[in-house]
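# Summary of structural features
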Amino acid sequence: MTLSRSWGRRLGVFAAAGTMAGAVVAAAPAALAAPAVGAGTAPDAKLAAFYDQRPTWAPCETSGPGAQLECATITVPLDYRHPDGDRLSLAISRHRATDPAHRRGVLLLNPGGPGGSGLLLPTAFLDNDIAKGYDLIGFDPRGVGKSSPLVCEVTPELATPNTRPTDAEFAAWAADAQAAEQGCDRAGGGIRPYINTPNTARDMDVIRGVLGEKKINYLGFSYGTYLGAVYGSLFGRNLDRNVLDSSVHPEWIWRPQFEEQAIAYRSDVDAWAEWTGQRNKAFGLGTSAQQVLGTVEDLAAKLAVKPVGDFDRNTLDLVMGQGARYRPLWAVLGQLLIEVRAAANGQQTAAGADAAAAARLLSDLGIAETREGVFDTVTCEADWPRDLQTYYADMRLYRERYPYGFGVSRAAPTTCTFRSFTPPDRVTDLRRDNYPVGLVIQAEGDAQTQYDGGPAMAYRLRDNLVSVSDEGTHGLYSRNACVTAIVDRYLLDGVLPGSRSVCPGDPRPPIPADTAPAQVQPHAAAPSTLEASVRQFIAAKHLDRH
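The sections below set out a description of the structure shown in this document. (Residues numbered from 1 in each chain as written. Predicted model: local features only at pLDDT ≥ 70, side-chain atom pairs only at ≥ 80, totals over all residues. Heavy atoms only, no water.)

## Quick word on the state of the cysteines
As a reminder, the rule being used: Note that a disulfide, as used here, is simply two cysteine sulfur atoms within 2.5 Å. Each helix is a run of DSSP H or I of at least 4 residues and each strand a run of E of at least 2, with the numbering of both proceeding from the N terminus.
Using the criterion set out here, one finds 4 disulfides in the structure. Disulfide partner of Cys152: Cys184, at an S-S distance of 2.0 Å. Since a negative S-S torsion denotes a left-handed disulfide, the Cys152-Cys184 link at about 100 degrees is right-handed. With Cys152 in the loop between strand E6 (135-139) and helix H4 (170-187) and Cys184 in helix H4, this residue pair connects regions lying 32 residues apart in the sequence.

## Remarks on the side chain of Glu372
Spelled out, the test is: Counting of polar contacts relies on pairs of N or O atoms within 3.5 Å, with two restrictions inside protein: one atom must be capable of donating a hydrogen and the other of accepting it, and residues adjacent in sequence are counted only when both atoms are side-chain atoms.
Considering the arrangement of structural elements, one finds Glu372 in the loop between helix H12 (352-364) and helix H13 (375-378). A polar contact of 3.4 Å, which involves the side chain of Glu372, links it to the backbone nitrogen of Gly145.

## Digging into the packing of aromatic side chains
Which entries qualify depends on this criterion: Under the pairing criterion, centres of Phe, Tyr and Trp rings, with the six-membered ring standing for Trp, must be within 6.5 Å; the plane angle then separates stacked pairs below 30 degrees from edge-to-face pairs above 60, leaving the rest tilted. Only protein chains enter the accessibility calculation, which uses a 1.4 Å probe. A residue is then buried if its area is under 20% of the maximum for its type, exposed if over 50%, and partly exposed in between.
Summed over the entire model, instances satisfying the criterion amount to 13 aromatic pairs. When the ring of Trp275 is compared with that of Trp330, the centres are 5.6 Å apart and the planes differ by 55 degrees; the resulting orientation is tilted. Taken together, the positions of Trp275 in helix H7 (residues 255-277) and Trp330 in helix H11 (residues 330-344) put the pair 55 residues apart, joining distant regions of the chain. Take Trp330: its relative accessible area is 0%, and that puts it in the buried class. Put simply, the rings of Phe125, Phe221 and Tyr477 touch in pairs and so form one group of aromatic residues.

## A look at the nonpolar core
Heads up, the condition is: Among the buried residues, those of types Ala, Val, Leu, Ile, Met, Phe, Trp, Tyr and Cys that are joined through side-chain atoms within 4.5 Å form a nonpolar core. Residue contacts are counted whenever heavy atoms from the two residues lie within 4.5 Å of one another.
Ranked by internal contacts, the top residues of the largest apolar core, which has 74 residues, are Leu108, Ile207 and Trp254. Among the elements that take part in this core, helix H6 (residues 223-234) stands out by supplying 7 residues, more than any other. Once residues lying within four places of it in the same chain are set aside, the contact partners of Ile207 are Ile74, Leu90, Ile92, Leu108, Ile137 and Phe139.

## Topic: the pattern of salt bridges
As a reminder of what qualifies: Each salt bridge in this description consists of a side-chain nitrogen of Lys or Arg and a carboxyl oxygen of Asp or Glu lying within 4 Å of one another.
Evaluation of the coordinates by the stated rule reveals 27 salt bridges. Here Arg164 ties to Glu297 by a salt bridge, and the two come within 2.6 Å at their closest N and O atoms. Residue Arg164 is found in the loop between E6 and H4, and its partner Glu297 is found in helix H9 (residues 289-305); the two are separated by 133 residues along the sequence. Among the residues examined, Arg164 registers a relative accessible area of 14% and is labelled buried. Under the relative-accessibility criterion, Glu297 is labelled partly exposed at 27%. The residue Asp470 makes a salt bridge to Arg327 at a minimum N-O spacing of 2.9 Å. Here Arg327 lies in the loop between helix H10 (313-325) and H11 and Asp470 lies in the loop between strand E10 (464-469) and helix H16 (481-493), a separation of 143 residues in the sequence. The pair formed by Asp470 and Arg327 is uniform in burial state, with each residue classed as buried. Connected via shared salt-bridge partners are Asp167, Arg396, Arg399 and Glu400.

## Examining the side chain of Ser246
With respect to the helices and strands, the residue Ser246 is situated in the loop between strand E8 (239-245) and H7. At a separation of 2.7 Å, a polar atom in the side chain of Ser246 contacts the main-chain amide nitrogen of Gly475. Setting aside its immediate chain neighbours within four residues, Ser246 contacts Ser222, Thr225, Ile441, Gln442, Asp446, Thr449, His474, Gly475 and Leu476.

## Some words on the packing of H7 against H11
Note the threshold: Whenever a helix is involved, its axis is fitted only over the stretch in contact; in every case the axis is a line through C-alpha atoms, and angles between N-to-C directions fall within 0 to 180 degrees. The labels follow the angle: roughly parallel below 35 degrees, roughly antiparallel above 145, roughly perpendicular from 65 to 115, and oblique for the rest. Polarity classes work like this: nonpolar for Ala, Val, Leu, Ile, Met, Phe, Trp, Tyr, Cys and Pro, charged for Asp, Glu, Lys and Arg, and polar for all others, with Gly in that last group.
Where H7 contacts H11, the axes come no closer than 11 Å and their chain directions differ by 80 degrees. Between H7 and H11, the angle is such that the two are roughly perpendicular. For the pair formed by H7 and H11, the contact residues are Asp268, Ala271, Trp272 and Trp275 on the first element and Trp330, Ala331, Leu333, Gly334 and Leu337 on the second. For the contact of H7 with H11, the class distribution of residues is 7 nonpolar, 1 polar and 1 charged.

## Quick word on H4
As a reminder, the rule being used: To estimate how far a helix should extend, the number of its residues minus one is multiplied by 1.5 Å.
Along its 18 residues, H4 runs 26 Å from first to last C-alpha, staying within 8% of the 26 Å computed at 1.5 Å per residue. Within the span of H4, buried status applies to Phe170, Trp173, Ala174, Asp176, Ala177, Ala179, Ala180, Glu181, Gly183 and Cys184.

## Some points on the pairing of strand E5 (residues 106-110)
The condition that has to hold: Note: two strands are recorded as paired if DSSP finds a minimum of 2 bridges between them.
Counting buried residues along E5, 5 of its 5 residues qualify, which places the element largely inside the surrounding structure. Because side chains alternate across E5, one face comprises the buried residues Val106, Leu108 and Asn110, and the other comprises Leu107 and Leu109, equally buried. Across 3 bridges, the pairing between E5 and E6 is parallel. The partner of Leu107 across the bridge, within E6, is Leu136.

## Quick look at the environment of Val230
Mapped onto the elements of the fold, Val230 is located in helix H6. Sequence-wise, Val230 and Asn199 are 31 residues apart; in three dimensions their C-alpha atoms are separated by 9.9 Å. Sequence-distant contacts of Val230, defined by excluding residues within four places in its chain, comprise Thr197, Pro198, Ala201, Thr428 and Leu430.

## Digging into the pairing of strand E9 (residues 439-443)
Rules: Handedness of a crossover is defined as follows: with both strands directed away from the viewer, a clockwise route from the first strand across the helix to the second makes it right-handed.
Among the 5 residues in E9, 5 count as buried, and that is most of the element. On E9, burial covers both faces: Leu439, Ile441 and Ala443 on one face and Val440 and Gln442 on the other are all buried. Note: E8 against E9, 3 bridges, orientation parallel. Its bridge partner lying in E9, Val243 is registered against Leu439. Where the polypeptide runs from E9 across helix H15 (residues 453-461) and back to E10, its parallel neighbour, the crossover connection is right-handed.

## Examining the packing of H10 against H11
The axes of two packed helices give the description: the angle between them and the distance between them. Going by this rule: When the near helix sits turned anticlockwise from the far one by under a right angle, the crossing is termed left-handed; a clockwise turn instead gives a right-handed crossing.
Where H10 meets H11, the closest approach of the two axes is 9 Å, and the angle between their N-to-C directions is 155 degrees. Taken together, the axis directions place H10 and H11 in an arrangement best described as roughly antiparallel. The handedness of the crossing between H10 and H11 is left-handed. Contacts from Leu316, Val319, Met320, Gly323 and Ala324 in H10 reach Trp330, Leu333, Leu336 and Leu337 in H11. A per-class count over the contact of H10 with H11 returns 8 nonpolar, 1 polar and no charged.

Geometric values such as these leave the question of function open.
Here it is as structure tokens:
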């Protein structure tokens, strides 16, 4: 499989950003927040024109999912310190509460990214109980999709993607990142410095005012957890119930967050290897975690020299990361390795083509093709090291210790290494002040927002933490029944779970360990092929949406 440079760049993406055009309406830093006032009222008289907008609503689409929503376009200041200057357009959507008698307000949704389009996100939850009691509000953040878009020039690739690059390749990786930053600088016009998390939070408060609400409720995923925490820090009196699902770490903004992704992938692979080593009768990959990982590395060495079709070492590393994080796919990953190892040893099997198709599906779960510029800009709102030797030293460590899931890309230079603009805002000091206790949801094996981010965010905000044990899924609401029930009860009835709660994750495959007594394992009929197993899992967990 050929890896594209954009996969390595969009490291923490939760939802792919849209590409539809919006418009710019032409014409150091303080916190720019104020206490809440009356519903719809601006916190500053200079912003009154924005808060007082009364948009025209119309169906988002004439057919398809968007036909179930109303959409409108509003304007927001490009620079909130100069609200009389240039403006941006902001696309918002709405699905009215289906039980008006029990409506308790609006629930703003954000899918993460940064750079994820949230305009149609309400459609993902129309069958959930929250759709009864809330107007579900989606929006494309500034720079994204139907809002005024920020784009980067697509520059020629100067480096060959490699999950285990040699030292000789490091300079090309740095040159590639620098060229990408120059492409963003050339295409970013005058709006790029103002595409950041604090301004997106300020836009959210304008949305609150436009909707005529005194307070908003909030459900954010991945990067959206940080956005929600920033909103609460700037506009705490305007925030009511709030849920941060798959949280970033409040002290890892932003490079450490990406570095920890590689460590989380490795932890998932280690857990899979231990489980597989206990089932050598089923897989024949080794009798211990160390032996299983040795088998994987032997295969990696062979594929680096002679790929099996388009299955090379890069593909193996990607498949290991993606397959190990999802516990129900552990047996699929083991069987896939059996087939690839046989092919690498010159033994053709009838299941070879099936294994290749399953591998392609797994590796594609980690690929997000796009060239909008929001990710390359928002992640630069915090300072990154400028010394390339810092990155090179980390890349040497990561290619050896954390190769799975393309871990080395988490340590490599990015556009932020060569940032060409000065951020107008400081990184927000997160705190919970003047708004209710919220929920933080975190999966133990999440490889996009490593588990430690959940407890750290809950501690920083004094929120209640819901952990999901032995689970690698990113974004738990509507995917985990226990989490969904807790969140629904909190958002609709205001009932908090315990200060620390644990929900079970998806079960591991029902394959007994070699030391387990023989017994009949009742289970549903399994799909007939590896590819079908992966497709079934993706569909069941809705990994192709929000």
